[in-house]
Amino acid sequence: MLALLVAQNIAFYVIAAIMVLSAIRVVTTDNVLHAALWLVIVLAGVGAQFILLAAEFVAITQVLVYLGAIIVLFLFGIMLTRTQAGDARDADHRGPVKIAALVLGAALLGLMSYALLDGFRDSEFGDMVVQRTAEVSDSIFSTYLLPFEVLSVLLLAALIGAIVLARRD
Amino acid sequence: MFLNQFLILAAVLFCIGLYGVLVRRNAVLVLMSIELILNSVNINLVAFGAWWSVDGANVSGQVFALFVIAVAAAEVGVGLALVLLIFRNRKSIAVDELDALKG
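Residues numbered from 1 in each chain as written. Chains lettered and ligands numbered in written order. Predicted model: local features only at pLDDT ≥ 70, side-chain atom pairs only at ≥ 80, totals over all residues.

This next bit is on the overall build of chain A. Helix and strand counts for chain A come out as six helices and zero strands. Going from the N terminus to the C terminus, chain A shows its helices and strands as α-α-α-α-α-α. What you see for chain A is a C-alpha radius of gyration of 20 Å, clearly larger than the 15 Å of a compact globule of 169 residues, by over 25%. Principal axes of the C-alpha set define a box for chain A whose edges measure 60 × 40 × 25 Å. The buried share of chain A, taken over its 169 residues, is 25%. The contacts in chain A between residues at least 6 apart in sequence include a share of 55% that link residues at least 24 apart. (Helix = DSSP H or I, 4+ residues; strand = E, 2+ residues; numbered from the N terminus. Rg over C-alpha atoms; globule rule 2.2 N^0.38 Å. Buried ≥ 20, exposed ≤ 12 C-beta atoms within 10 Å, placed from the backbone. Contact = placed C-beta atoms within 7 Å.)

All right, on to the overall build of chain B then. The helix and strand inventory of chain B stands at three helices and zero strands. Reading the helices (α) and strands (β) of chain B from amino to carboxyl end gives α-α-α. Relative to its length of 103 residues, chain B is extended, with a C-alpha radius of gyration of 17 Å against a globular reference of 13 Å. By its C-alpha atoms, chain B is 55 × 25 × 20 Å across when sized along the principal axes. Long-range pairs, those at least 24 residues apart, make up 48% of the contacts in chain B with a sequence separation of at least 6.

A positive phi angle, close to 65°, is found at Ala-54 of chain A, a residue other than glycine. Checked against the element boundaries, Ala-54 of chain A lands in the loop between helix 2 (32-52) and helix 3 (56-80). Look at Ala-54 of chain A and you get buried, because 20 C-beta atoms sit within 10 Å. A positive phi angle, close to 60°, is found at Lys-91 of chain B, a residue other than glycine. By the element assignment, Lys-91 of chain B lies in the segment after helix 3 (60-90). Look at Lys-91 of chain B and you get exposed, because 10 C-beta atoms sit within 10 Å.

Residue-level contacts link 75 residues of chain A with 63 residues of chain B. Elements supplying a minimum of two residues to the side of chain A that touches chain B: helix 1 (2-28), helix 2, helix 3, helix 4 (96-119), helix 5 (133-140) and helix 6 (145-166) of chain A. Class assignment for the residues of the side of chain A that touches chain B results in 53 nonpolar, 16 polar and six charged. (Nonpolar A, V, L, I, M, F, W, Y, C, P; charged D, E, K, R; others polar.)

Turning next to the domain arrangement of chain A. Per the domain assignment, the segments of chain A are domain 1 (6-87) and domain 2 (131-169). For domain 1 of chain A versus domain 2 of chain A, the distance between C-alpha centres works out to 23 Å. (Domains from an automatic or database assignment.)

Our focus in this paragraph is the packing of helix 3 of chain A against helix 3 of chain B. Each packed pair of helices is defined by two parameters, the angle between the axes and the distance between the axes. At a minimum axis separation of 10 Å, helix 3 of chain A and helix 3 of chain B run at an interaxial angle of 5°. With respect to helix 3 of chain B, the axis of helix 3 of chain A lies roughly parallel. Counted together, Phe-57, Val-58, Thr-61, Gln-62, Val-65, Ala-69, Ile-70, Leu-73, Gly-77 and Leu-80 of chain A of helix 3 of chain A and Gln-62, Ala-65, Leu-66, Ile-69, Ala-73, Val-76, Gly-77, Leu-80, Val-83 and Leu-84 of chain B of helix 3 of chain B form the full contact between these two elements. Looking at the contact of helix 3 of chain A with helix 3 of chain B residue by residue, the class counts come to 15 nonpolar, five polar and no charged. (Axes fitted to C-alpha atoms, helices over the stretch in contact; angles between N-to-C directions. Parallel < 35°, antiparallel > 145°, perpendicular 65-115°, else oblique.)

Residues Val-28 and Val-46 of chain B are the most contacted members of the largest nonpolar core, which totals 70 residues. The set of elements that each furnish at least two residues to this core consists of helix 1, helix 2, helix 3 and helix 6 of chain A together with helix 1 (3-23), helix 2 (27-52) and helix 3 of chain B. Examining the composition of this core, we find that 15 residues originate from one element, helix 1 of chain B, more than from any other. Shared between two domains, this core holds at least three residues of each, these being domain 1 (6-87) and domain 2 (131-169) of chain A. (Core = buried A, V, L, I, M, F, W, Y, C linked by C-beta atoms within 7 Å.)

Right, let's talk about the packing of helix 1 of chain A against helix 2 of chain A for a bit. Residue and element names in this part refer to chain A. Between helix 1 and helix 2, whose axes approach to 8 Å, the crossing angle comes to 155°. Our classification of the angle between helix 1 and helix 2 gives roughly antiparallel. The element helix 1 and its partner helix 2 pack so that their crossing is left-handed. When helix 1 is examined against helix 2, the residues Gln-8, Ala-11, Phe-12, Ile-15, Ile-18, Met-19, Ser-22, Ala-23, Arg-25 and Val-26 are found in contact with a partner set consisting of Ala-35, Trp-38, Leu-39, Ile-41, Val-42, Gly-45, Ala-48, Gln-49 and Leu-52. Split into classes, the residues belonging to the contact of helix 1 with helix 2 amount to 14 nonpolar, four polar and one charged. (Left-handed = near helix turned anticlockwise from the far one by under 90°.)

On to the environment of Ile-16 of chain B. One can find Ile-16 of chain B in helix 1. Considered as a pair, Ile-16 of chain B and Leu-84 of chain B are 68 residues apart in the sequence and their alpha carbons are 25 Å apart. Ignoring sequence-local partners within four residues, the contact set of Ile-16 of chain B consists of Ala-23, Ile-24 and Val-27 of chain A together with Leu-36 of chain B.

Put into structure tokens, the structure is as follows:
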């Protein structure tokens, strides 16, 4: 049991380090295409963390929806909005905005870390039970049936809206 | 494993995403940073769900994470359509040039 715990911790920290470094590259790289490819690594890492949290169905959905669909949408968006002048030099705001954003992000991170370390200091996971997909689906189709139906209508509205907006007429 | 590991990882990702939203000029890059923020929230939801379900019978956190994933997919679809429309009309997707309503 201890060996499993150590393995889980090692996996967590390795994946977390890769995710944080890739996320930093997403927001600092000058090349839009590279940012999308770094984002792939972050999203895959999030899926791996879901598996560590014994949430298999969410992990598989993450891979299917994010890596399979959303990244492709981003790549299409990059392809269709590429300017001739090259977008490397104007990916970021200049001057004081950058410093202000850095200060704001660091301050928020410090505040949240303090609150989390203070509030959940000794919260340890119990025995991690793998949540079966059947339980997730039972919950969606009983307790959360109404939000689920609303979500389907929202997806339909987004589909029609995106087609109407992007259509050439 | 401690709950705090996942919560602080999510906080770090959230702040990186916030920095990206504030500092990026390219609208597609702003949308990517928003994806970082949404994913950090998902980590929080699933971690709290796993922490809360001591008897192994509570999947609410996962269900909410799934809902967030679906809403994020809809958001990216409409967002990229808007970006495409802006690019078609103005030949640029720099967010600071969209100041037609500035007084």
